[in-house]
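Structural overview
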Amino acid sequence: MKTGLEYAIHLDEQDSLSPYRDEFYVSEDTIYLDGNSLGLLSKRSEKAVLTVLNAWKNHAIDGWTDGEYPWFYLSEKIGKEFAPLVGAKPEELIATGSTTINIHQLVASFYEPKGKRTKILADELNFPSDIYALQSQLQLHGFSPTEHLVQVKSKDGNTLHTEDIVDAMTEDVALIVLPSVLYRSGQILDMKTITQAARERGILIGFDLCHSIGSIPHFLSEWGVDFAFWCTYKHLNGGPGSVAGIYVHEKHLSKIPGLTGWFSSAKDKQFDLEHELTPAQTAGAYQIGTPHILSIAPLIGSLEIFSEVGIEKIREKSLQLTDYLINLVETELRDFQFELSSPREDSMRGGHIFLTHPSAASICKALKAEGIVPDYRSPNGIRLAPVALYNTFQEVWKTVQTLKAIMIEERYKKFENTRGVIA
Ligand SMILES: *Cc1c(COP(=O)(O)O)cnc(C)c1O
């Protein structure tokens, strides 16, 4: 197995995406492996934000229709840019809201309990915000979350089995909401098979793509996924709190969304200001109010990079990076109690890897003190995301060498094994 520095140098020389590193603000004295929590700023995003700010400066109210990126159409424009990343049609997509707001919107729209079909099926490994949203939606319908929210169990605490998910699709389930990639272990769920099973049973299904968009390809329309939602500040590098995304399958586009506002209107009717809503016949109907233009702006620049490179190339390099990282961990760190909790198979592994260790919190602090930015996940997880657009194989090599030194010299013992405010 090739794991040495020469091999990393060789992989970097072969890497056709290497020029893109210069497109980002990469600090040369840190190794940033947290792009799946907050992606780095690109120069194109910075430029787009300044262009939009200038439109405000120069056009004031007329910026809605004038300037380089008229604000009135920006959510739809960015929606269109999502298309190749999620495998959907432009009219099925919109940039709007935030992940958690969008779950509320979509569950308010697609959860229609009838007769004995009253339950929502989720899983026990999803990110808490998704679960809180599902619980409160059940409560709004007068149902007790303890009885009506079913969470598929994990056998090993890290991954889910497709059969367990399908077995939980019983006749009392009205709606399924699952992540595409688990935020801790990085496991990719088999969205195609799971969606097919849901459809055969007449259950609507939606996916949270927060950890997969911009990292792996999707074919939402073709798979027949009913809806999906995602944030844009992780792999899509949209910046803190950047505007999120919604996909709704075209067969549902005549439906009136659960939560409406004047931005749900057909665009040509919106300024008629009538009290009877004429909803857009696109996913644009899932917007509620005025879009957060300054938080959409970075996406103009960052999505241009994705459309230029293409998700297949990004996925190919991402797999090479995580594979190299896993090989290094298995050879260099085998004496130090690390456990790889991510799937080893390419087809099941998303864009990051997850190591568990009893001293994970102090190890993360030690890494940070050495200029390497990991992501600590309580109680014992270290998430490492080498990102295809801006990380290098040499950085992966150096990270593992540093980890090894931290363990051999027990440098991590200088730090308390507890988490900080965020990580
Ligand atoms: C990042 C993430 C969120 C964050 O939701 P926000 O509304 O953007 O704060 C929610 N769910 C999952 C699965 C995530 O990975």
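Counting starts from 1 at the beginning of each chain's written sequence and moves along it residue by residue. Per-residue local features of the predicted model are confined to residues with pLDDT of at least 70, and side-chain atom pairs are confined, for both listing and counting, to 80 or more; whole-chain, interface and lining totals are unaffected and use all residues. Calculation of side-chain values draws on the structure's entire complement of heavy atoms; hydrogens and water are dropped beforehand.

In spatial order, the strands read 2-8-7-6-5-3-4; together these seven strands make up an open sheet with mixed pairing. Each edge of the sheet is formed by a strand with only one pairing partner; in this case those strands are strand 2 (93-95) and strand 4 (149-152). Within this sheet the neighbouring strands show an average axis-to-axis angle of 20°, counted without direction. Residue contacts are defined here by distance: any two heavy atoms, one from each residue, within 4.5 Å place the two residues in contact. Note on method: axes are straight lines fitted to C-alpha atoms, helices fitted across the in-contact stretch only, with angles between N-to-C directions ranging 0 to 180 degrees. The way it works is that DSSP assigns letters per residue, a run of H or I at least four long becomes a helix, a run of E at least two long becomes a strand, and they are numbered from the N terminus. Contacts from helix 8 (residues 191-200) reach strand 5 (173-179) and strand 6 (204-208) within the one sheet, and its direction differs from that of strand 6 by about 155°. Any two strands between which DSSP finds at least two bridges are classified as paired.

Below, the discussion takes up empty space enclosed by the protein. Buriedness for pockets is judged along seven lines, at least five of which must meet protein on both sides within 12 Å for an open set on the 1 Å grid over protein atoms alone, while cavities are sets there where a 1.4 Å probe fits but cannot get out, and lining residues have an atom within 4 Å of a point. Grid points are joined across faces, edges and corners, and a volume is the space filled by probe spheres set on the points. Taken as a whole and judged by the stated rule, the model has two cavities of 30 Å³ or more. As a volume, the largest cavity reaches approximately 80 Å³. Lining the largest cavity, in full, are Gly-214, Ser-215, His-235, Asn-237, Phe-306, Ile-314, Ser-318, Gly-351, Pro-386, Val-387, Ala-388 and Leu-389. For the lining of the largest cavity, the two domains that each supply at least three residues are domain 1 (5-32 + 310-414) and domain 2 (47-308). Each pocket or cavity is described by its volume, and for the second largest cavity that value is around 40 Å³. Lining the second largest cavity we find Leu-125, Gly-157, Asn-158, Leu-182, Tyr-183, Arg-184 and Ser-185. All amino acids are sorted into three groups, where Ala, Val, Leu, Ile, Met, Phe, Trp, Tyr, Cys and Pro are nonpolar, Asp, Glu, Lys and Arg are charged, and the leftover types, Gly among them, are polar. Looking at the lining of the second largest cavity residue by residue, the classes come out as three nonpolar, three polar and one charged. All domain edges in this entry derive from an automatic or database-based domain assignment.

This part takes up the site of the ligand. If even one non-hydrogen atom of a residue comes within 4 Å of a molecule or strand, that residue is called near it. Around the ligand, the neighbouring residues are Ser-98, Thr-99, Thr-100, Asn-126, Phe-127, Asp-130, Asp-208, Cys-210, His-211, Tyr-233 and Lys-234. Note that an oxygen atom of the ligand is positioned 2.6 Å from one of the side-chain N or O atoms of Thr-100. Whenever a nitrogen or oxygen atom comes within 3.5 Å of another N or O atom, the pair is scored as a polar contact, on the condition that within protein one atom can donate a hydrogen and the other can accept it, and that pairs from neighbouring residues in sequence are kept only if both atoms are in side chains. The side chain of Asp-208 places a nitrogen or oxygen atom 3.3 Å from a nitrogen atom of the ligand. For accessible areas, the Shrake-Rupley method is used with a probe of radius 1.4 Å. Any residue's cover is judged against the shown protein chains and nothing else. Summarising the interface, the protein chains cover 84% of the accessible area of the ligand, which totals 390 Å² for the free molecule. Taken together, the residues of the shell around the ligand break down into three nonpolar, five polar and three charged.

The subject of this paragraph is the packing of aromatic side chains. Here is the rule: rings of Phe, Tyr and Trp (six-membered ring for Trp) pair when centre to centre is within 6.5 Å. Planes less than 30 degrees apart are stacked, more than 60 are edge-to-face, and the remainder are tilted. Scanning the model with the defined rule gives 15 aromatic pairs in all. Members of the aromatic cluster, each reached through a chain of ring pairs, are Trp-64, Trp-71, Phe-72, Tyr-73, Trp-262, Phe-263 and Phe-271. The ring of Phe-127 carries the charged tip of Lys-234 above its face, separated from the ring centre by 5.8 Å. Think of it as a cone above the ring: NZ of Lys or CZ of Arg counts as a charge over the ring if it is within 6 Å of the ring centre and within 35 degrees of the ring normal. Here the guanidinium or amino end of Lys-267 rests over the ring plane of Phe-72, the centre of that ring lying 4.1 Å away.

A few words on the UniProt feature "binding site: pyridoxal 5'-phosphate" (unreviewed entry) in the protein chain. Residues annotated in UniProt with the feature "binding site: pyridoxal 5'-phosphate" (unreviewed entry) correspond here to Thr-99, Thr-100, Phe-127, Pro-128, Ser-129, Asp-130, Asp-208, His-211, Tyr-233, Trp-262 and Thr-290. Taking the farthest pair of C-alpha atoms as the criterion, the annotated set spanning 192 residues is dispersed, since that pair is 30.7 Å apart. For His-211, the position within the fold is in the loop between strand 6 and helix 9 (220-223). Residues contacting His-211, with those up to four places away along its chain left out, are Asn-36, Val-181, Tyr-183, Lys-234, His-235, His-352 and Arg-383. Mapped onto the secondary structure, Trp-262 falls in the loop between strand 8 (245-248) and helix 10 (293-309). Exposed residues in this analysis have more than 50% of their type's maximum accessible area, buried residues have under 20%, and partly exposed residues fall in between, with area computed by a 1.4 Å probe over protein chains only. What makes Trp-262 partly exposed here is its relative accessible area of 38%. Residues contacting Trp-262, with those up to four places away along its chain left out, are Gln-270, Phe-271, Leu-273, Ile-288, Gly-289 and Thr-290. UniProt positions are given in the numbering used here, feature names are shortened, and annotations may be inferred rather than shown by experiment.

To continue, consider the UniProt feature "modified residue: N6-(pyridoxal phosphate)lysine" (unreviewed entry) in the protein chain. Here the UniProt feature "modified residue: N6-(pyridoxal phosphate)lysine" (unreviewed entry) sits at Lys-234. Take Lys-234: it is sitting in the loop between strand 7 (227-230) and strand 8. Apart from the residues within four sequence positions on either side, Lys-234 is in contact with Gly-35, Asn-36, Ser-37, Gly-39, Cys-210 and His-211.

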